[in-house]
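The lines below spell out each chain.
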Amino acid sequence: MYTIAALYHFTRFDDPAALKPALLDLCVREDVRGTLLLAGEGINGTIAGPRAGIDRVIAHLKSQPGCAELEWKEATSDHPPFGRMKVRLKREIVTMGQPDVDPRARVGHYVEPQDWNALISAPDVAVIDTRNDYEVAIGTFDGAIDPKTESFGEFPAWWEANKDRFHNKRIAMFCTGGIRCEKSTNFLLGQGVEEVFHLKGGILKYLEDVPEEESSWQGDCFVFDNRVSVGHGLKEGPHMLCHGCRRPILPEDTQHPAFEAGVSCHHCVDETSDEDKNRFRERQKQMALARARKT
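Notes on the structure in this doc start here.

Attention now goes to the overall build of the chain. A tally of regular secondary structure across the chain gives eight helices and 15 strands. Here the chain has a C-alpha radius of gyration of 20 Å; the compact-globule value for 295 residues is 19 Å, and the two agree. Seen through its principal axes, the chain has C-alpha atoms that stretch 60 × 50 × 40 Å. Within the span of the chain, comprising 295 residues, buried residues form 50% of the whole. Considering only residue pairs separated by 6 or more positions, the chain has 65% of its internal contacts joining residues 24 or more positions apart. Of the roughly 15,000 Å² of accessible surface on the chain, a fraction of 48% belongs to carbon and sulfur atoms. One way to put it: in the chain the 37 positive side-chain charges average out to a point 6 Å from where the 46 negative ones average out.

In structure tokens form, the structure reads like this:
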């Protein structure tokens, strides 16, 4: 079994590039794969590997400046969720494009998963899903508002255009693991919203802790690894990825006339040019040749 660890932590790294070599070397040595993002504001990512390897990488991360309180969420898989290990340097560990937003200064009120249903069912609470549109499409909480954003960086503009809808409302926000809400709640507080809440540990913690028969969640939760989606109890969902557009699709969607493995699906067939599709076909061809050489 592979142990999967999803993590993020906001802290100040004066020189994130200096942290990369030792972190990458450790992950490779321990056969840990996935992606970790380093920026001046902290670290974010998901990794998977043997139990002992994950433990050593987590211990290394917690030894870094300001990371002693780092938290992570775990799941397991019987197949490797990632093909390789990447440590990337970024301007932000989750891109919002708001330089004045600083989750280290203040965030909204954390709400434990077992208390979430009561909060979002209150008549004076507006529930906002801060994830991207393709994530919301396969699952969300009952009654949640979908901003229909294609990227998190669009959220501030969406709020500006829609803020009058939420006059005299308490705002409850959620995302996959919690990191986007750290920034979005800080952003709303900076906009003068007085009561802002967010789901501690995100959807993943809710699906892990709250029994399905008591759940307000509908559908599956998109995850950024080869599992593609998970449901209650963090059981792997039915979705697969279209490798043309990276959106989740269901097995029956492969029967759609627009589907071509690695090239297009019904979501993206009209979004890419013939040149793009030919490039994707060549990529598929090279991947098939690489797999053939390994056998």
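Looking now at the sheet that holds strand E6 (residues 109–111). Read across the open sheet, the four strands follow the order E6-E10-E9-E7; overall the sheet is parallel. Strands with a single pairing partner mark the edges of an open sheet, and in this sheet they are E6 and strand E7 (125–129). The mean inter-strand angle of the sheet, taken between neighbouring strand axes irrespective of direction, is 30°. Seen against the sheet, helix H3 (residues 113–120) touches E6, E7, strand E9 (170–174) and strand E10 (196–199) and runs at an angle of roughly 135° to E9. Sheet strands in contact with helix H6 (residues 179–190) are E6, E9 and E10, and its direction is about 175° off that of E10.

Now for H6. Taking 1.5 Å of rise per residue, the twelve residues of H6 would be expected to cover 16 Å, and the 17 Å separating its terminal C-alpha atoms lies within 8% of that figure. Burial runs high along H6: eleven of the twelve residues are buried. Every buried residue of H6 is listed here: Ile179, Arg180, Cys181, Glu182, Lys183, Ser184, Thr185, Asn186, Phe187, Leu188 and Leu189. After H6 finishes, the residue Gly192 shows a positive phi value of roughly 95°.

Sheets are built from strands paired through backbone hydrogen bonds, the pairs being either parallel or antiparallel. Across the sheet, which stays open at both edges, the five strands sit in the order E4-E1-E3-E2-E5 with mixed pairing between neighbours. The sheet is open, and its two borders are formed by strand E4 (71–77) and strand E5 (85–89), each paired with just one other strand. When strand polarity is set aside, the average angle formed by the axes of neighbouring strands in this sheet is 10°. For strand E1 (residues 2–10) and E4, the ladder comprises seven bridges, and the chain directions are antiparallel. Residue pairing in the sheet places Ile4 in a bridge with Ala75 of E4.

Here the focus is the state of the cysteines. Applying the stated rule across the entire model yields zero disulfides. No disulfide involves Cys27; its sulfur sits 14 Å from the nearest other cysteine sulfur, which is in Cys67. Not part of a disulfide, Cys265 finds its nearest cysteine sulfur in Cys242, a span of 3.6 Å. Residue Cys265 is classed as buried on the basis of its relative accessible area of 0%.

The rules behind the values
- Residues numbered from 1 in each chain as written.
- Predicted model: local features only at pLDDT ≥ 70, side-chain atom pairs only at ≥ 80, totals over all residues.
- Heavy atoms only, no water.
- Helix = DSSP H or I, 4+ residues; strand = E, 2+ residues; numbered from the N terminus.
- Rg over C-alpha atoms; globule rule 2.2 N^0.38 Å.
- Buried < 20%, exposed > 50% of the residue type's maximum accessible area, 1.4 Å probe, protein only.
- Contact = heavy atoms within 4.5 Å.
- Areas by Shrake-Rupley, 256 points an atom, 1.4 Å probe, with all protein chains shown as cover.
- Lys, Arg positive; Asp, Glu negative; His and termini not counted.
- Charge placed at Lys NZ, Arg CZ, Asp CG, Glu CD.
- Pairing = 2+ DSSP bridges.
- Axes fitted to C-alpha atoms, helices over the stretch in contact; angles between N-to-C directions.
- Expected span 1.5 Å × (residues − 1).
- Disulfide = S-S within 2.5 Å.

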